[in-house]
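# Tertiary structure, described
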Amino acid sequence: MNYRIDNLQYCNWSRKIFEINKEAKLDAVHATIVYHEDFDELLIEIKKWEELFKQNSDLIFLGKSFKDIEKAHDENKTAIFFGFQNCSPIEDDIKLIEKVHDLGCRFMQLTYNNQSLLATGCYEKIDSGVTNFGREAIKEMNRVGIVVDMSHSAEKSTFDAIEISEKPIAITHANPAFWHPAKRNKSSDLLKTLGESGGMLGLSLYPHHLRNNSNCELESFCEMTAKTAEIMDVKNIGIGSDLCLDQSDSVVEWMRNGTWSKSQNYGEGSKNKPGFPNQPDWFEDARGFENLENGLKKVGFSQEETNGILGNNWFNFYKNI
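What counts, and at which threshold
- Residues numbered from 1 in each chain as written.
- Predicted model: local features only at pLDDT ≥ 70, side-chain atom pairs only at ≥ 80, totals over all residues.
- Heavy atoms only, no water.
- Helix = DSSP H or I, 4+ residues; strand = E, 2+ residues; numbered from the N terminus.
- Core = buried A, V, L, I, M, F, W, Y, C linked by side-chain atoms within 4.5 Å.
- Buried < 20%, exposed > 50% of the residue type's maximum accessible area, 1.4 Å probe, protein only.
- Contact = heavy atoms within 4.5 Å.
- Polar contact = N/O pair within 3.5 Å; in protein donor to acceptor, adjacent residues only side chain to side chain.
- Patch = residues over 30% accessible without salt bridge, like charges linked within 9 Å, V, L, I, M, F, W, Y side chains within 5 Å.
- Areas by Shrake-Rupley, 256 points an atom, 1.4 Å probe, with all protein chains shown as cover.
- Salt bridge = Lys/Arg side-chain N within 4 Å of Asp/Glu carboxyl O.
- Lys, Arg positive; Asp, Glu negative; His and termini not counted.
- Charge placed at Lys NZ, Arg CZ, Asp CG, Glu CD.
- Axes fitted to C-alpha atoms, helices over the stretch in contact; angles between N-to-C directions.
- Left-handed = near helix turned anticlockwise from the far one by under 90°.
- Nonpolar A, V, L, I, M, F, W, Y, C, P; charged D, E, K, R; others polar.

## Some thoughts on unusual backbone geometry
Phi at Glu91 is positive, roughly 50°, even though this residue is not glycine. Its place among the elements puts Glu91 in the loop between strand 4 (78-84) and helix 4 (95-102).

## Quick notes on the nonpolar core
Core analysis: the largest hydrophobic core is formed by 73 residues, its most contacted members being Trp13, Trp49, Ile90, Met108 and Phe221. Here the element with the most residues in this core is helix 2 (residues 39-55); it accounts for six residues. For Trp13, the contacting residues outside a window of four places in its chain are Phe18, Asn21, Val29, Ala31, Thr32, Trp49 and Leu52. Core analysis: the second largest hydrophobic core is formed by 16 residues, Ile5, Phe61, Ile69 and Ala72 among them.

## Examining the side chain of His173
Locating His173 in the fold gives a position in the loop between strand 7 (170-171) and helix 7 (188-196). A polar contact is formed between the side chain of His173 and the side chain of Thr172, at a distance of 2.7 Å.

## Comments concerning the side chain of Asn113
Considering the arrangement of structural elements, one finds Asn113 in the loop between strand 5 (105-109) and helix 5 (132-144). Leave out the neighbours within four places in its chain, and Asn113 touches Gly121, Cys122, Tyr123, Glu124, His152 and Arg184.

## Quick word on a negative patch on the surface
Together, Asp38, Asp40, Glu41, Glu91 and Asp92 give the surface a local cluster of negative charge. With respect to the helices and strands, Asp92 occurs in the loop between strand 4 and helix 4.

## Digging into the packing of helix 10 (residues 289-298) against helix 11 (residues 303-318)
Running from N to C, helix 10 and helix 11 cross one another at 145°; their axes reach a closest spacing of 9 Å. Crossing handedness for the pair helix 10 and helix 11: right-handed. Contacts from Phe289, Leu292, Glu293, Leu296 and Lys297 of helix 10 reach helix 11 at Gln303, Thr306, Ile309 and Leu310. Partitioning the contact of helix 10 with helix 11 into residue classes produces five nonpolar, two polar and two charged.

## Regarding the pattern of salt bridges
Within the structure shown, the criterion is met by 15 salt bridges. One salt bridge connects Asp58 with Arg15, and the closest N-O pair in it is separated by 2.7 Å. Placement of Asp58 in the loop between helix 2 and strand 3 (60-62) and of Arg15 in helix 1 (residues 15-23) is noted, with a sequence separation of 43 residues between them. Taking the relative accessible area as the measure of exposure, Asp58 reaches 39% and is therefore partly exposed.

Everything listed here is a matter of coordinates, which is why it stays silent on function.
So, in structure tokens, the structure goes:
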């Protein structure tokens, strides 16, 4: 069986987007449901998703395990897996980790760019690594079945997380720094260690993570994927597009500033380009998976390897959450 999985989208969710994902034959999507929200605010977002599931039951349902990916494939639907881009919903209470798992959370980043109570973000000048609370949180995440996601974390913190976690971790949406030196992209040494530990890398289609940004060429992306497969086993590579469809620029401002800053933070953008960047024309939405399939085969990946990158590798990873 071949599956298609996009292991990170953050869209202004609507029936139109669910229909696009169905047309793209996505069996599962890991959807960001919070950034800087606390536990009570998370509950509000859960209520919104309950209504989305009710209104679009012919297209989507809440996914909790790999068996739901199988179910979605059989029923021609998309399983939605909840993920957090930050650890803020657990506040400073380790007991909330089990509670957010019960609510459907299956992925949680330890940081979003900044220092958190758990680890250091990639925008901090000093990376002190995973904290004491972070160590305990990772143990609890392993126990209940929440994936440790280090996409927005700094390098030492990510190495620490790989070492501490008894289960493989994920970098759900980032690219190698050798291809494009964005702060969020990862070093070859880190990717090698990630692969050796059984962890997964979801390659990002967000323009700030791409060489030449919105003008990135499909061939360049696929050649980068091939070089990444020389560093870490191709079985540890998937897609985490980081699609942000139909979002207003006020949303990216929220993502970057949260409630912690009064001054304007431009994150991966700039004062001249503060909003969401345009997607490359070959991946304007999830239907670009077809272009990825053609491009990956063109640079030398076998059909089996291509199927792995486009979903089967994530499916196998989900089996061990």
